[in-house]
Amino acid sequence: MTPRKPRPATAAKPTRATEEVLERIARQSLNIETLKTRNSDSLDFHDVAVWGLKEALEAAYQAGLSAANSARSK
């Protein structure tokens, strides 16, 4: 049997709604005002407390669950 070629990883571009949810989580949980690259170390790199990171990850997980559940109910 011939081995399969790996499929290229295609990262789907997030929708505007997804971007807005991620930006809200970044603002509320991490005190990061935007997720856009601004080409400045002081603006693009942030010190984040582990509890803030945990809060942000939990919020992102919950947002994903909500999105999946609403997609199923359609």
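Worth saying up front: this structure is predicted, and the values here are computed from it rather than measured. Each chain has its residues counted from 1, running along the sequence as written. Two thresholds apply to this predicted model, a pLDDT of at least 70 for residue-level local features and 80 or more for giving and counting side-chain atom pairs, whereas whole-chain, interface and lining totals are computed over all residues. Only hydrogens and water are removed before side-chain values are computed, so all heavy atoms of the structure are retained for them.

## Side note on the nonpolar core
Item 1. Note on terminology: a nonpolar core comprises buried Ala, Val, Leu, Ile, Met, Phe, Trp, Tyr and Cys residues joined through side-chain atoms within 4.5 Å. Exposure categories follow from relative accessible area, calculated using a 1.4 Å probe and restricted to protein chains: below 20% of the type maximum is buried, above 50% is exposed, and the middle band is partly exposed. Ile25, Ala26, Leu30, Ile32 and Ala56 form the largest nonpolar core, which has 5 residues in total.
Item 2. Here a strand is any run of E in DSSP of at least two residues, a helix any run of H or I of at least four, and the numbering for each starts at the N terminus. In terms of residue count, helix α1 (residues 16–30) provides more of this core than any other element does, 3 residues in total.

## Points about the environment of Ala63
Item 1. By secondary structure assignment, the location of Ala63 is in helix α3 (residues 50–72).
Item 2. Since its relative accessible area comes to 26%, Ala63 is described here as partly exposed.
Item 3. Spatially, the C-alpha atom of Ala63 lies 9.1 Å from that of Thr18, the residues being 45 residues apart in sequence.

## Details of unusual backbone geometry
Item 1. Positioned with a positive phi, Asn31 is a non-glycine residue whose angle comes to about 55 degrees.
Item 2. Considering the arrangement of structural elements, one finds Asn31 in the loop between α1 and α2 (41–44).
Item 3. The phi torsion at Asn39 lies on the positive side, around 55 degrees, for a residue other than glycine.
Item 4. Topologically, Asn39 is positioned in the loop between α1 and α2.
Item 5. For Asn39, a relative accessible area of 73% corresponds to the exposed category.

## Describing a nonpolar patch on the surface
Item 1. To count toward a patch, a residue needs a relative accessible area over 30% and no salt bridge; like charges are then connected within 9 Å, while nonpolar side chains (Val, Leu, Ile, Met, Phe, Trp, Tyr) are connected within 5 Å. The Shrake-Rupley method, run with a 1.4 Å probe, gives the accessible areas here. Residue values count only the displayed protein chains as cover. Take a side-chain nitrogen of Lys or Arg and a carboxyl oxygen of Asp or Glu: if they are within 4 Å of each other, that pair is a salt bridge. Together, Val48, Leu53 and Leu57 make up a nonpolar patch on the protein surface, roughly 260 Å² of accessible area in all.
Item 2. Under the relative-accessibility criterion, Leu53 is labelled partly exposed at 42%.

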